[in-house]
Structure formats: structure tokens, C-alpha cells
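# Overview (structure and organization)
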Amino acid sequence: MRRAAVESVSGLPRTFWWLWTSTLVNRLGSFVATFLAMYLTVERGYSATYAGLVAALHGLGGVVSSVGAGVLTDRLGRRPTLMLAQVGTAASVALLGFVEHPVAIAAVAFAVGMTSNGSRPAVQAMIADIVRPEDRVRAYSLNYWAINLGFAVSASAAGLIAEHGYLLLFLGEAAMTLVCAVLVFVRLPESRPERTEESAAEDEERVSMGTVLRDGPFMAMVALSFLISTVFMQAYVALPVDMAGKGLSSSDYGLAIAVNGVLIVALQIPVTRFIEHRDPGRLLVVSSLLAGGGFGLTAFAGSVGAYALTICVWTLGEMVNAPTQTGLVARLAPAHGRGRYQGMYTLSWSVAALVAPLAGGAVLDHWGSGTLWGLTAAVGAVTAAGYALLLRTAARKDAGGNAGDGDTGGGEAAVGPESVKSPAPVEG
């Protein structure tokens, strides 16, 4: 076990571990989003409808920043974008603890969502810059593990802190985010690949948001990412509503959903060792089937134990999907377009966070939970088929010699030269 642990974390550059530490500290202080709805309804006395509107605006901020931060990551650099996002998050979160007017709260919540999500494309692009291609899946998995470990601790601590006043939550998150900004400023050098003078203008023209949008295989993957994201998002709106409809309490839901965090913290590193050098296409197919199947089985659950078992199934899919898909995006993206590509990938999750609650609630209201969980199983199966078709098509292009003659990251060069260097093939 000791040797396995050492092998899981060895060989990664020191810069990565400083970035990993900043991610962990950031998530240890992520209090506000978890308790925002409770703060608005219990502390401020607003309606549930208003709380839902504010939550939607918070998510909309994430949608806006996904693409904008991706562009800034490529133009300004990874380090400046991280600094802007973290300082902006600290300022907006602290302000949110003091504003009282409904319009002001909604506006600041939008700013919090925009700034707090602005660091994601920069972090993902920096990992691709500083980590060898063959180690990227492991690096993304370790970063994902830090996110969940930090969230698990912060969610537990936030409840205790809130008993002494919600303002402490806002100020605490602001302080922790500033610590992250200091870590970035002191320990993280800029990692953006340098352009030569001769190719700078050509690169900028070639790698633009238009390049990303015209990259058919990549945009197909973004669409598939959106589909599977809508499945995962049902855990936070439709699942508690379904459990309540079957006579289970909020504490029962808390106990069941805690299985998700516990499994990720306990098993993410062993799972990563298993998937690290395996075919990403097959892994994405398997993860989609696990996600759809796990949520589909929810239709037959009626007790806390049964719900926990279904959560175990789709959590395994989540642990495989997240690092595999992020690593694949890094392989598809050209070096000077990693921010834009990661931003577009992040957008798929941000839009799903907006759409999934609305769609899930509508299906529950009109057709019932059985229909909803059946649809999640169907979406998982469709996504799995889409991944299989997409990766098979990319492999055929690679075999035909289309992938090795350019590095634009789009269209015919979607598999890219980095996949040739990586021991993990696009299609086995």
C-alpha cells in the first residue's frame, strides 16, 4: 500500500504540488455556495423562489466566465488569470455577506459565480503545461481528489461556523481565497508556452474561439460532456426531492449523498492507478454507462441503504469520467489554445448546472420519478454510444495520417501530436 501511494504521487513537478495545494486550500474555504440558499431563506427571510433565482444567477456567472476566463488564460497567461479570479472571488464573497437589498444580493451572487469559476480553465491549462502527457490523467485525478477532499471538510465545518453567524462563512471563504492568491503569487510561475516572434501572429489567428467552435470532434465531445453532466447534476435537486417523496428526511439525504464524497476521497487514487494508461475512449463509455445505470437504479430505491448503493454506482462513473475527460481535452488542445479549449469544456458543466435542475424538476412534476430515472439511464446509454463513435472516428483519422501533420488542435488534427507521445492511445 505504501509503494502504491508513493507511485501515485511520484514523478510530478513541484509546481504541480503548489497548484494542488492552492486548489485544496480554495476548496477548504468554499462555504458560501453550499449554504447560500439556507442563508437567504433562514437568515434573510427571503422566499424559496428568490433563493432559486439567486442560485441560478450564481450558476449563470459560471457560464459567462467559462469562456471568458479561457480566453484570458491564453492571452494574459495562467498566473494572471488565477490571480484575477481569486482576488475577485475574495472581494465579491466578502461583499455578499454585507449587502441586504434583493437586487444587490442577486448582482453580487452573479459576480461570485463568475469569479469563483474563472480559475478553472487556468488551473486545467496550467496542469497541461507543466505535467508530462503520460502523467496528466494522474495529475487531473489528484487535483479532482483535492477538490472533493476540500469540499468534504468545508461542508462539515460550514455547518458549525454558521451557528456563530453566517457572516463568518463569507469572511472565512474570502480569507481562504486570498491565501490561494498569495500561494499563486509567491510559488507559481507563469507556464504559458512562449511563442516565437515569427509565429506569434499566425498562432493567435489560428487558435481563437472560432477555432474551438469549428473543431467538430472536440465540440462533439463538449456536447457529450453536457449530456452526462445533466445526469450527474440530478444528484443535487431531483434526488433529494425523490427521497422526500418516499418519506425520507433531509438528514437521510445527507447521509446517503455523503457516500459520494467518502468514496471519492477513499478510492480516487486507487481508481486512477487502474485507469491511468488505459484507453480513454473505453473509459468514457464505461463511465457513462455507470452514471446512467446508477441513476436509473434509483427508480427502485426506497430506503437510505438502497439509495446509497445507487450512489456508489454512479460515483464510480464520476471518478472515471472527470480525470479522463479533462486529460483528453488537454491532449486535443494546441499548446497556445489550452485555456480556450478547457474553458469550452468547463462551459458544458456550467450550462448543465443551469439546465439540469429545471429539466429534472419539470419531469418530476409532470411524469414522476420513475420516468426521470429512466431518462437518466437512457441519456447515459446515448452518451456512451456517442463517445464510442467519436473516439472510433478519431482513431480512423489518426490511422489515416491526418492527426500527425498539424498542431492546431482542430478538425483533422483533433488527436494531435501529443497523443502520439502519450502511452495511452486514443483508441485501443
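As shown above, the structure is provided for reference.
Below: a short report on this structure.

### Topic: the overall build of the chain
Counting its regular elements, the chain contains 19 helices and zero strands. Going through the 428 residues of the chain one by one, you find that 51% of them count as buried. Put simply, of all contacts in the chain between residues at least 6 apart along the chain, 84% involve residues at least 24 apart. Of the roughly 17900 Å² that the chain leaves accessible, carbon and sulfur atoms contribute 67%.

### Thoughts on helix α17 (residues 338–367)
With 30 residues, α17 ought to run about 44 Å at 1.5 Å a step, and its terminal C-alpha atoms sit 42 Å apart, in line with that. In the structure, α17 departs most strongly from a straight axis at V355, where the bend amounts to approximately 30 degrees and where the proline P357 lies between one and four residues downstream. Positioned one or two residues after α17, G368 has a phi angle of 95 degrees, which is positive.

### Some words on the nonpolar core
Counting residues in hydrophobic clusters, the biggest one holds 43 residues, and the most contacted among them are F218, M221 and L239. In terms of residues, this core owes the most to one element, helix α12 (residues 216–232), which gives seven residues. The residues touching L239, leaving out its near neighbours within four places in the chain, are Q234, Y253, I257, T298, Y307, I311 and W373.

### Observations regarding helix α5 (residues 78–96)
Taking 1.5 Å per residue as the helical rise, α5 with its 19 residues ought to reach 27 Å, and the 27 Å between its terminal C-alpha atoms agrees with that figure. Here α5 has its buried residues at R78, T81, L82, A85, Q86, G88, T89, A90, S92, V93, A94 and L96.

### What about the packing of α5 against helix α9 (residues 166–187)?
For any two helices packed against each other, the geometry is given by the interaxial angle and the distance between the axes. For the pair α5 and α9, the least separation of the axes is 8 Å and the interaxial angle reads 165 degrees. When the interaxial angle is binned, α5 and α9 end up roughly antiparallel. The handedness of the crossing between α5 and α9 is left-handed. Of the residues in α9, those in contact with R79, L82, M83, Q86, V87, T89, A90, V93, A94 and L96 of α5 are F170, L171, E173, A174, T177, L178, C180, A181, V184 and F185. Classifying every residue of the contact of α5 with α9 gives 15 nonpolar, three polar and two charged.

### Focus: the packing of aromatic side chains
All told, the structure shown has 11 aromatic pairs when counted by the stated rule. One aromatic cluster in this structure is built from F232, F295, W314, W349 and W373. Here the guanidinium or amino end of R278 rests over the ring plane of F274, the centre of that ring lying 4.0 Å away.

About the cut-offs
Residues numbered from 1 in each chain as written. Predicted model: local features only at pLDDT ≥ 70, side-chain atom pairs only at ≥ 80, totals over all residues. Heavy atoms only, no water. Helix = DSSP H or I, 4+ residues; strand = E, 2+ residues; numbered from the N terminus. Buried < 20%, exposed > 50% of the residue type's maximum accessible area, 1.4 Å probe, protein only. Contact = heavy atoms within 4.5 Å. Areas by Shrake-Rupley, 256 points an atom, 1.4 Å probe, with all protein chains shown as cover. Expected span 1.5 Å × (residues − 1). Bend = angle between axes of the 7 residues up to and from the residue. Core = buried A, V, L, I, M, F, W, Y, C linked by side-chain atoms within 4.5 Å. Axes fitted to C-alpha atoms, helices over the stretch in contact; angles between N-to-C directions. Parallel < 35°, antiparallel > 145°, perpendicular 65-115°, else oblique. Left-handed = near helix turned anticlockwise from the far one by under 90°. Nonpolar A, V, L, I, M, F, W, Y, C, P; charged D, E, K, R; others polar. Phe/Tyr/Trp six-rings, centres within 6.5 Å; stacked < 30°, edge-to-face > 60°. Lys NZ or Arg CZ within 6 Å of the ring centre and 35° of its normal.

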